[in-house]
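Chain and residue survey
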Amino acid sequence: MRIVIADPNLMPQRATLEAALPAGALTSWHDSWNEHSVLTDLKDADVYVGPKFTEAMGAQAPNVRLVHVAGAGYDGIEADALPAGAVCANTFHHEGSIAEYIAAALVALRRNLLGQDAALRSGVWASSVYSQDIPQPETLRGAVVTFLGFGHIGSAAWKLLQAFGAEGIAITRSGSVDPKENGLRWAGTTVRLNEALSESDILLVSIPLTAETTALVGAEELNSLGPKGQVVNVARGPVVDEAALYEALKDRRISGAAIDVWYQYPGTDGRSVPSALPFDRLDNIIMTPHSSGVTAETFRGRALEIAENITRLSRNEALKNVVISR
């Protein structure tokens, strides 16, 4: 069995993945996705692992039976490009890392850790102990969190935030979350988003981006959250309206945000501004480069599950997480 791997995020886990492959498997690694170099390597491949699979790649890979992405998203895979009988599978394993990011970001926001750090570097002890103008910060105990999306990420984050003593409301497209079963205040569809935000301190966005969820959170929703409210977005940037978020932060209509997903992305050089708006000039936002799920734990788990699926393929067993079949 010959396997072509073209996802740079798996390179640090190369030894882990190869050790878990079936006996006799041959691997060909590419340290980045480049269509031209991958094309020349696909002729005799049985498995391809990478973020994109194009029509040209499919034409060069008649023997490929499994296309595997090293993450949850598979929008880079052209379904019609898959050879007849081939399947595409995805993998997760990022929810624990993202939940940890969410908890860390919320503690930093609510305790103003970045602001205190910046002030102390200039000799100012920015604490209510030394200034009556600075309020004593709130902890997560008793904070009400609206989970906009309650899948792998939302439910993992809820388990962690429960340990801090937070309370939760789940808002999903289907409204099928059972609040009693999950220990939530209540649950509902996106029709009740404003109602949820009006009784919440925090909005956690982890809902998938679709035509229906684009700009689902706008000025009205942020106003419902209120001036003490905080937003964490680990879904996709455009779920939260870009201008509405910037204006709400700038005007202090919400108190802060941690944003890991953006409106503009860089090329392979990893350099670009994340938005046309000057979020970087605001002092009430934590900005991170879509890194909340990028940990060794995440990609170790993904490498092992990809290897497991390749082993299943070699044994003609049912594959896990199949998202496209031809």
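Everything numeric in this text was worked out from a predicted model, so none of it was measured.

Here we take up the pairing of strand E1 (residues 2-5). Bridge count for E1 against strand E2 (residues 26-29) is four bridges, and the pairing is parallel. Within the sheet, the bridge partner assigned to Ile5 lies in E2 and is Trp29. In this view, the connection linking E1 to its parallel neighbour E2 by way of helix H1 (residues 14-19) has right-handed handedness. Pairing of E1 with strand E3 (residues 47-49), which is carried by three bridges, proceeds in the parallel orientation.

A few words now on helix H11 (residues 296-314). If you check H11, its first and last C-alpha atoms are 27 Å apart, about what 19 residues at 1.5 Å a residue would give, namely 27 Å. Regarding H11, the residues found buried are Thr298, Phe299, Gly301, Arg302, Ala303, Glu305, Ile306, Ala307, Asn309, Ile310, Thr311 and Leu313. Structurally, H11 contributes buried residues whose contacts are with E1, H1, E3, strand E4 (66-68), strand E5 (87-89) and helix H4 (95-111). Backbone geometry just after H11 places Asn316 at a positive phi near 60 degrees.

By volume, the second largest pocket amounts to about 980 Å³. Lining the second largest pocket are 28 residues, and of these Leu109, Arg110, Asn112, Gln230 and Ser255 sit closest to its centre. Among the secondary structure elements, those contributing two or more residues to the lining of the second largest pocket are H4, helix H5 (113-121) and strand E12 (285-287). Classifying every residue of the lining of the second largest pocket gives eleven nonpolar, ten polar and seven charged.

A few words on a nonpolar patch on the surface. On the surface, a cluster of nonpolar side chains totalling about 510 Å² of accessible area is made up of Leu120, Trp125, Val129 and Tyr130. Mapped onto the elements of the fold, Leu120 is located in helix H5.

The six strands are arranged E2-E1-E3-E4-E5-E13 in an open sheet whose pairing can be described as mixed. The open sheet terminates on both sides in strands that have one partner only, identified here as E2 and strand E13 (322-325). Direction aside, neighbouring strands of the sheet carry axes that sit 20 degrees apart on average. Where E5 and E13 come together, three bridges link them in antiparallel fashion. Along E13, the bridge assignment pairs Cys88 with Ile324. H11 rests against E1, E3, E4 and E5 of the sheet, and its axis sits at about 175 degrees to E4.

Basis of the calculations
Residues numbered from 1 in each chain as written. Predicted model: local features only at pLDDT ≥ 70, side-chain atom pairs only at ≥ 80, totals over all residues. Heavy atoms only, no water. Pairing = 2+ DSSP bridges. Helix = DSSP H or I, 4+ residues; strand = E, 2+ residues; numbered from the N terminus. Right-handed = clockwise from strand over helix to strand, strands pointing away. Expected span 1.5 Å × (residues − 1). Buried < 20%, exposed > 50% of the residue type's maximum accessible area, 1.4 Å probe, protein only. Contact = heavy atoms within 4.5 Å. 1 Å grid on protein atoms, 1.4 Å probe; cavity = no way out; pocket = protein on both sides within 12 Å on 5 of 7 lines; lining within 4 Å. Points joined across faces, edges and corners; volume = space filled by probe spheres on them. Nonpolar A, V, L, I, M, F, W, Y, C, P; charged D, E, K, R; others polar. Patch = residues over 30% accessible without salt bridge, like charges linked within 9 Å, V, L, I, M, F, W, Y side chains within 5 Å. Areas by Shrake-Rupley, 256 points an atom, 1.4 Å probe, with all protein chains shown as cover. Salt bridge = Lys/Arg side-chain N within 4 Å of Asp/Glu carboxyl O. Axes fitted to C-alpha atoms, helices over the stretch in contact; angles between N-to-C directions.

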